[in-house]
Each structure stands twice: as C-alpha cells, then as structure tokens.
Amino acid sequence: MVRLTPDLIQQSMQYLNPCKDRELCLRGYRIPMIEHLGATLDQFDSLDLSDNDIRKLDGFPLLKRLNTLLLNHNPIVRIGDKLHEFIPNLETLILTGCMMEELGDLKPLSSLPKLKMLSLLHTPVSHKQHYRKYVIFKIPSLTVLDFRKIKLKEREEAKAMFKSNEGKELRKAIAKKSKFVPGEGLTEFKKPSAQKMEEIKKIREAIARASSLEEVERLNQLLQAGQIPGNMGDRNSNSGQNGMDVDEEEEEEEDDDDEN
C-alpha cells in the first residue's frame, strides 16, 4: 500500500476549492492510515482523503486551520476518541460509504465542538433503528445530517426520546460499539496502472471544478456506478460527433435523390 508520506503530500494536488478554501487532495492512493500530516504545516482548510483504505479515523497532528474533511468510501470502522484535541475547528465531515456499524461507534464525534455538517450516507450504521434521532441528540452542534437540514421538530423529538428515563435505557441498549480488529480487511498493494492513474487524475479535476459539497456527492454517486467524469464528457462528445456524421450522410443522400 502507499503510505502517506511527506513526499506524497508535497506531490499531491493543492488548490482553492469552490468554497474558496485551500484544499489538499490525497484521493485514491489506497492509503492505509493517516500519518505525517504535520508536513502540511497546517496550511489547508480542507483535506480530501476519499477512496483510500483507511480503517481508523485518527492520527492527526494539531491542525487548527482544518475545517473540512472528506473521507468518502474508506473502510473506516472506528473513530479515535481525541479528535477534538487535534482538529478542534472541524465543521464538515463527510463519511459517505464508510463502514461504521454501530451507533456507539459515532460517540467520539460528539466531542467536536464546531461540527455542523455530517454525512453517513450509505454506511451500515445509517440503517440502524433511531439512527437519525440518535445522531441529532448526540451531536447537538449539527445543522445538516446526510445533506438534509435538521429541523427544530427533529431536535425536539430526539430530545424527548433520549432525555427520559426510558430514553436513557434505550441509549445504553443501542450505543454499543462494534469490534475492531487491527489490520483486518487490508489488502496487498498493487501499483496502479497508467490507465488507473489517468482516471484518478480526471476524478480529481472534476472534484476541483465542483461548485458545492452536493456536487461532490453527485460525483461520488457517479463513481459508485462505475462512471469516470472525464470519460463521460468524451463519450458525449463522440456521440455528438457520430450524430453529426449520420446527419451529413442523410443530407448527401437527399441531395443525390433530388439530382436524380
């Protein structure tokens, strides 16, 4: 597997994203763990670690500037207990397609004091009973969950459900943690082919052009469907060209008929 080294950080794409935040893109390298981010010198507002092989969300140095963390489609099953000490100003955390299984696995996120936007779409935990109410109750700073704004009525219902004596017992029953086995599920790294590296480049360019987090999520859904953003444009262009060729042939046939 490719380790997250200072050299890799220096070689990776760095740009201003559509939100005018300075972003570092470490997407698609199959990185197994978060390490050496001190090499960024805390110069980035946003960090994209999507499409890697990260299994535990921890390993950060103190990054006061970091406010957005993208971790789509990593096999993350565990979240570190002291994230608030190292990324205290995190506002947006995207964990779409990760592998957390139990509501108790999300407990460490409640320590992030400024977390406003969280996505757990397409994760096993999002299918648990009382999932949305539990997350709203457990992380009161949230304003958007799974790209849906949290309504006042939802907050009141979540509070009513979990503040009562029965609710306390319910919290104990549903907030168990899944068992974490270090190294389980990791695969041997194989160097990506030239074609794969070209696809990764197109994906990064498409994300850099995205105008919002919702657009990034739409791109993720396309990737899940096996569609590469750059290739889609090529196919559309080719289809349009083929259509023009057919139209030209039909016009030529009509001219020949008129002459006869």
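Quick notes on the rules
- Residues numbered from 1 in each chain as written.
- Predicted model: local features only at pLDDT ≥ 70, side-chain atom pairs only at ≥ 80, totals over all residues.
- Heavy atoms only, no water.
- Axes fitted to C-alpha atoms, helices over the stretch in contact; angles between N-to-C directions.
- Helix = DSSP H or I, 4+ residues; strand = E, 2+ residues; numbered from the N terminus.
- Parallel < 35°, antiparallel > 145°, perpendicular 65-115°, else oblique.
- Contact = heavy atoms within 4.5 Å.
- Nonpolar A, V, L, I, M, F, W, Y, C, P; charged D, E, K, R; others polar.
- Core = buried A, V, L, I, M, F, W, Y, C linked by side-chain atoms within 4.5 Å.
- Buried < 20%, exposed > 50% of the residue type's maximum accessible area, 1.4 Å probe, protein only.
- Pairing = 2+ DSSP bridges.
- UniProt positions renumbered as here; feature names shortened; annotations may be inferred.

**Observations regarding the packing of helix H4 (residues 152–163) against helix H5 (residues 165–174)**
For step 1, the next point in the chain: Where H4 contacts H5, the two axes come as close as 5 Å, and the packing angle between them is 90 degrees. Of the possible angle classes, the one that applies to H4 and H5 is roughly perpendicular. Of H5, the residues touching H4 (which contributes Met161, Phe162 and Lys163) are Asn165, Gly167, Lys168, Leu170, Arg171 and Ile174.
For step 2, the next point in the chain: Per-class residue counts for the contact of H4 with H5 are 4 nonpolar, 2 polar and 3 charged.

**Re the nonpolar core**
For step 1, the next point in the chain: Residues Leu26, Leu57, Leu69, Leu93, Leu95, Leu109 and Leu118 are the most contacted members of the largest nonpolar core, which totals 48 residues.
For step 2, the next point in the chain: Elements supplying a minimum of two residues to this core: helix H1 (6–11), helix H3 (131–138) and H4.
For step 3, the next point in the chain: Looking at which element gives the most residues to this core, the answer is H3, with 5 residues.
For step 4, the next point in the chain: When near neighbours in sequence (up to four residues on either side) are disregarded, Leu109 contacts Ile79, Leu83, Leu93, Leu115, Leu118 and Ile139.
For step 5, the next point in the chain: In this structure, Ile203, Ala206, Ile207 and Val216 belong to the second largest nonpolar core, which totals 8 residues.

**Some words on the sheet that holds strand S3 (residues 46–48)**
Strand pairs in the sheet, formed through backbone hydrogen bonds, run parallel or antiparallel to each other.
For step 1, the next point in the chain: One open sheet holds the 8 strands; their spatial order is S1-S2-S3-S5-S7-S8-S9-S10, and the pairing between them is mixed. The open sheet terminates on both sides in strands that have one partner only, identified here as strand S1 (13–16) and strand S10 (148–149).
For step 2, the next point in the chain: Sheet topology note: the S3/strand S5 (residues 68–70) ladder contains 3 bridges and is parallel. Residue pairing for S5: Ser46 is matched across the bridge by Thr68.

**A look at the UniProt feature "domain: U2A'/phosphoprotein 32 family A C-terminal" (unreviewed entry) in the protein**
For step 1, the next point in the chain: On the UniProt side, "domain: U2A'/phosphoprotein 32 family A C-terminal" (unreviewed entry) is annotated at positions that read residues 128–146 here.
For step 2, the next point in the chain: In residues 128–146, helix accounts for 42% and strand for 11%; the two terminal C-alpha atoms are 14 Å from one another.

**Observations concerning unusual backbone geometry**
For step 1, the next point in the chain: At Lys20, a position not held by glycine, the phi torsion is positive, near 65 degrees.
For step 2, the next point in the chain: Assignment of secondary structure puts Lys20 in the loop between S1 and strand S2 (22–25).
For step 3, the next point in the chain: Even without being glycine, His36 reaches a positive phi, approximately 60 degrees.
For step 4, the next point in the chain: When you line up the elements, His36 lands in the loop between S2 and S3.
For step 5, the next point in the chain: Residue classification places His36 among the partly exposed positions, given a relative accessible area of 37%.

**Some words on the pairing of S2**
For step 1, the next point in the chain: Relative to S2, S1 is paired through 4 bridges, and the arrangement is antiparallel. The residue bridging Gln14 from the neighbouring strand is Leu24, located in S2.
For step 2, the next point in the chain: The antiparallel pairing of S1 with S2 creates a hairpin that spans 5 residues between the two strands, and Lys20 there sits at a positive phi of about 65 degrees.
For step 3, the next point in the chain: Examined bridge by bridge, S2 and S3 share 3 bridges and lie parallel to one another. Paired with Leu24 across the strands is Leu47, a residue of S3.

**Quick notes on the environment of Thr143**
For step 1, the next point in the chain: Within the secondary structure, Thr143 is located in the loop between H3 and strand S9 (144–145).
For step 2, the next point in the chain: The exposure class of Thr143 is partly exposed, given its relative accessible area of 37%.
For step 3, the next point in the chain: Excluding anything up to four places from it in sequence, Thr143 contacts Lys116, Arg148, Lys149, Ile150 and Arg155.

**Digging into the environment of Asn52**
For step 1, the next point in the chain: By secondary structure assignment, the location of Asn52 is in the loop between S3 and strand S4 (56–57).
For step 2, the next point in the chain: Look at Asn52 and you get buried, because its relative accessible area is 3%.
For step 3, the next point in the chain: Residues Asn52 and Leu26 lie 26 residues apart in sequence; the distance between their C-alpha atoms is 8.6 Å.
For step 4, the next point in the chain: Setting aside anything within four residues of it in sequence, one finds Asn52 in contact with Leu26, Arg27, Gly28, Tyr29, Arg30, Ile31, His73, Asn74 and Pro75.

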